Amino acid sequence: MTTSRKFRSASWFGKLDKSGFIHRSWMKNQGHPDHVFDGRPVIGICNTWSELTPCNGHFRQIAEHVKRGVYEAGGFPVEFPVMSLGEPLLRPTAMLFRNLASMDVEESIRGNPMDGVILLAGCDKTTPALLMGAASCDLPSLMVSGGPMLNGKYRGAEIGSGTQVWQFSEMVRSGEMSLCDFQEAEGCMSRSTGHCMTMGTASTMASLVEAMGIALPTNAAIPAVDSRRYALAHQAGRRIVEMVHEELKMSQILTRKAFENAVRVLAAIGGSTNAVVHLLAIAGRLGVEFTLSDIDELGRGVPCLVNLAPSGKYLMEDFYYAGGVPVVIRELGDLIHRDALTVTGRTIGENNANGAAECFNREVIHTVETPFKQDGGITVLRGNLAPDGAVLKPSAATPELMKHRGRAVVFENIEDLHARIDDETLDIDETCVMVMKNCGPKGYPGMAEVGNMPLPPKLLRQGITDMVRISDARMSGTAYGTVVLHVAPEAAAGGTLALVENGDFIELDVTERKLHLDVSDAELARRRELWTPPPAHSDRGYTRLYIDHVLQADQGADFDFLVGHSGTEVTRDSH
Ligand code: FES
């Protein structure tokens, strides 16, 4: 497809004056011939490659395959780096920098000559950061995920990223596993390029971008090392050129219907609780009306179809071979807005019609009639302990604990937890409710994935594997347990969580969506009078900016000044 329309990049490369000379001349130092500046679409390839983000370590190769497709379709590809966020290494938590990376993406797109953009994302925060930044510009955009690692293999068994780390680490703490065996499992878990192969946050977000139609069908589950991942990247390169010609912008795809579809698929895949804050933040950038309550209501009663860890047994390789996200979308039938537009130019229903979405393994992807679990939706809890909401993932929780009243054992922060959790004299039993404060967006800062607190060794030795745990933190998408997260307002912002004391009783009722601190209003008012906020973790630089401007979890933890978008116009040229 061609058009005589002038593209955005023409205001850089299409001029015959001094500034046009400068824009073309310096690009030519990379060996680009004259004809690539002839007015063809310029496609940015936004790359989160980094050797410090091992999940995205293969992205230079993926970018090369995108370029093949772009050239083939008559476009001019230009690859550019943005800040990369790797979960395993980045301290204090990659989430602290999600908004920073999104600003990098937004300004890199807006300030440079590109007409459309391919977003290369993999590790957890890279997907929302790229979507948020690109949404603020609203060019034609298409995401290509890096794909999951091959299934982990350890002593004849399949092991999943993250999920088995938590399990093995508890086994070491309880004396069931030696440190030597623990170390052997490291290489067995991560045996190929790609991101976590459980249904953790990376796989969840990759599945949701497919469900929202901002990626090509099958994007989520093709393993990172499978040749079909590279063929998909090639096709994405071709398609983004067409999207520029069609003027198919991100905001035409990421509509309210797309977000509703994402919530339904999130439930059906048993996806990560982290998707909640990311979806809210992305919607905020696009100006789509979408709230925490929508996530509860739209996910309510949606069955979990996918038997993947941490909610189930299988891993992403199995999910791909079983048919992947297309099967889930088809299975959900009318729970999905089938008329939602996607990057293919067709609707999500057309993309995933019967012939294109056959299931090859019903153990891995169940039907709606015989689901893997009855209720897959993320539950939003409210009550005096979380007036603005808290979340829990029922599919990863213990059914017997979903209605529970217990005595609070309080940890003031993560350091307090680490200092006392292994203390054999800690006054705690399996009926208690573990409470941790000051791990929310402002309190940590960055809202770390520490909500799945480790259980006390003395209870682990008794065979206890789960307890009710409550905090303002997040939890790794690969983790599990009856864990209440994202309590809002957080403790550091003066939420009721800050006022909980040892010995208070807390009531959790998932069916009733209730999280109640059994302390009178008068007593809470007295405690509030005495409360002082914890000292801020930093008084300078980005962390200071973050603490001052981050919104609470129920609003996606974006910066207050980044909500909304400001388009692609740049009116000033320094030349
Ligand atoms: Fe990167 Fe899990 S650590 S996806």
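Heads up: these notes are all about the structure in this document.

## Side note on the overall build of the chain
For step 1, the next point in the chain: Looking only at helices and strands, the chain features 20 helices and 14 strands.
For step 2, the next point in the chain: What you see for the chain is a C-alpha radius of gyration of 24 Å, in line with the 25 Å of a compact globule of 575 residues.
For step 3, the next point in the chain: The C-alpha extent of the chain, read off along each of the three principal axes, is 75 × 55 × 50 Å.
For step 4, the next point in the chain: By the burial criterion, 62% of the 575 residues in the chain qualify as buried.
For step 5, the next point in the chain: When the accessible area of the chain is evaluated, it comes to approximately 21,600 Å², of which 51% is carbon and sulfur surface.

## Notes on the sheet that holds strand β2 (residues 76–81)
For step 1, the next point in the chain: The strand order across the open sheet built from four strands is β2-β1-β3-β4, with neighbouring strands paired in parallel fashion. Each edge of the open sheet is held by one strand with a lone partner, namely β2 and β4 (141–145). Pairwise comparison of adjacent strand axes, ignoring direction, gives a mean angle of 20° for this sheet.
For step 2, the next point in the chain: Bridge count between strand β1 (residues 42–47) and strand β3 (residues 116–121): five bridges; the pairing is parallel. The residue of β3 that forms the bridge with Gly-44 is Val-117.
For step 3, the next point in the chain: Docked against the sheet, helix α3 (residues 59–72) engages β1, β2, β3 and β4, running at close to 160° with respect to β2.

## A closer look at the environment of Ala-206
For step 1, the next point in the chain: Structurally, Ala-206 is set in helix α8 (residues 201–211).
For step 2, the next point in the chain: A sequence separation of 82 residues divides Ala-206 from Asp-124, and the C-alpha atoms of the two residues are 9.1 Å apart.
For step 3, the next point in the chain: Excluding its chain neighbours within four sequence positions, the residues that come into contact with Ala-206 are Ser-145, Asn-219 and Ala-220.

## Notes on the pattern of salt bridges
For step 1, the next point in the chain: Scanning the entire structure with this criterion turns up 41 salt bridges.
For step 2, the next point in the chain: Residues Glu-242 and Arg-239 are paired through a salt bridge, measuring 2.8 Å at the closest nitrogen-oxygen approach. In this pair, Glu-242 and Arg-239 both sit in helix α9 (residues 227–246), three residues apart, roughly one turn of the helix.
For step 3, the next point in the chain: Of the charged contacts, one joins Arg-469 and Asp-466 as a salt bridge, the two residues approaching to 2.7 Å between their closest N and O atoms. Asp-466 carries the same exposure label as Arg-469, and that label is buried.
For step 4, the next point in the chain: Overlapping salt bridges bring together Glu-87, Asp-124, Lys-125, Glu-449 and Arg-474 as one network.

## Remarks on helix α6 (residues 163–173)
Structurally, the α-helix is built with 3.6 residues per turn, so residues lying three or four positions apart point the same way.
For step 1, the next point in the chain: Burial in α6 covers these residues: Thr-163, Gln-164, Phe-168 and Glu-170. Along the long axis of α6, the arc covered by the buried residues comes to 160°, so they all point the same way.
For step 2, the next point in the chain: Buried residues belonging to α6 abut β5 (152–154), β6 (157–159), α7 (179–189) and α18 (457–460).
For step 3, the next point in the chain: Looking one or two residues beyond α6, the residue adopting positive phi is Gly-175, at roughly 85°.

## Section: the pairing of strand β13 (residues 505–509)
For step 1, the next point in the chain: Bridge count for strand β9 (residues 403–411) against β13 is five bridges, and the pairing is antiparallel. Residue pairing in the sheet places Gly-406 in a bridge with Ile-506 of β13.
For step 2, the next point in the chain: In this sheet, strand β14 (residues 514–517) lies alongside β13 in antiparallel orientation, the contact comprising four bridges. Directly across from Asp-509, in β14, lies its bridge partner Lys-514.

## Describing unusual backbone geometry
For step 1, the next point in the chain: With omega at 10°, the peptide bond leading from Ala-309 into Pro-310 counts as cis.
For step 2, the next point in the chain: Within the element layout of this structure, Pro-310 appears in the loop between α13 (292–299) and α14 (316–322).
For step 3, the next point in the chain: Between Tyr-444 and Pro-445 the backbone carries a cis peptide bond, its omega angle lying at -10°.
For step 4, the next point in the chain: Of note, Pro-445 is situated in the loop between β10 (433–436) and α18.
For step 5, the next point in the chain: The residue Thr-218 is not glycine, and still its phi comes out positive at about 75°.
For step 6, the next point in the chain: In this fold, Thr-218 is placed in the loop between α8 and α9.
For step 7, the next point in the chain: With a phi angle near 60°, Arg-513 is a residue other than glycine that sits in the positive phi range.
For step 8, the next point in the chain: Tracing the chain through its elements places Arg-513 in the loop between β13 and β14.
For step 9, the next point in the chain: By relative accessible area, which is 15% here, Arg-513 ends up buried.

## Things to note about the packing of α8 against helix α11 (residues 256–268)
For step 1, the next point in the chain: Between α8 and α11, whose axes approach to 9 Å, the crossing angle comes to 140°. Judged by the inter-axis angle, α8 sits oblique to α11. For α8 against α11, the interelement crossing comes out right-handed. Of the residues in α11, those in contact with Thr-204, Leu-208 and Ala-211 of α8 are Asn-261, Ala-262, Val-265 and Leu-266.
For step 2, the next point in the chain: The class makeup of the residues in the contact of α8 with α11 is five nonpolar, two polar and no charged.

## Notes on the nonpolar core
For step 1, the next point in the chain: Formed by 116 residues in total, the largest nonpolar core has its most connected members in Leu-254, Phe-259, Phe-290 and Phe-319.
For step 2, the next point in the chain: For Phe-290, the residues in contact, after removing those within four places along its chain, are Arg-256, Phe-259, Val-263, Leu-279, Leu-280, Ala-283, Ile-295 and Leu-298.
For step 3, the next point in the chain: Within the second largest apolar cluster, 28 residues are counted, among which are Leu-392, Ala-397, Ala-498 and Ile-506.

## Quick word on the pairing of β4
In summary, the side chains of a regular strand alternate between the two faces of the sheet.
For step 1, the next point in the chain: With five of five residues buried, β4 is to be regarded as a mostly interior element.
For step 2, the next point in the chain: Side chains of β4 alternate between two faces, with Ser-141, Met-143 and Ser-145 and Leu-142 and Val-144 buried alike.
For step 3, the next point in the chain: The parallel pair β3 and β4, bridged by helix α5 (residues 126–137), forms a crossover whose chirality is right-handed.

## Considerations on the side chain of His-278
For step 1, the next point in the chain: By the secondary structure assignment, His-278 is in helix α12 (residues 274–286).
For step 2, the next point in the chain: Classification of His-278 by relative accessible area gives buried; the value is 0%.
For step 3, the next point in the chain: Among all residues touching His-278, those that are not within four sequence positions of it are Met-95, Arg-98, Lys-125, Pro-128, Thr-201 and Met-205.

Basis of the calculations
- Residues numbered from 1 in each chain as written.
- Predicted model: local features only at pLDDT ≥ 70, side-chain atom pairs only at ≥ 80, totals over all residues.
- Heavy atoms only, no water.
- Helix = DSSP H or I, 4+ residues; strand = E, 2+ residues; numbered from the N terminus.
- Rg over C-alpha atoms; globule rule 2.2 N^0.38 Å.
- Buried < 20%, exposed > 50% of the residue type's maximum accessible area, 1.4 Å probe, protein only.
- Areas by Shrake-Rupley, 256 points an atom, 1.4 Å probe, with all protein chains shown as cover.
- Pairing = 2+ DSSP bridges.
- Axes fitted to C-alpha atoms, helices over the stretch in contact; angles between N-to-C directions.
- Contact = heavy atoms within 4.5 Å.
- Salt bridge = Lys/Arg side-chain N within 4 Å of Asp/Glu carboxyl O.
- Arc of directions from axis to C-beta.
- Parallel < 35°, antiparallel > 145°, perpendicular 65-115°, else oblique.
- Left-handed = near helix turned anticlockwise from the far one by under 90°.
- Nonpolar A, V, L, I, M, F, W, Y, C, P; charged D, E, K, R; others polar.
- Core = buried A, V, L, I, M, F, W, Y, C linked by side-chain atoms within 4.5 Å.
- Right-handed = clockwise from strand over helix to strand, strands pointing away.

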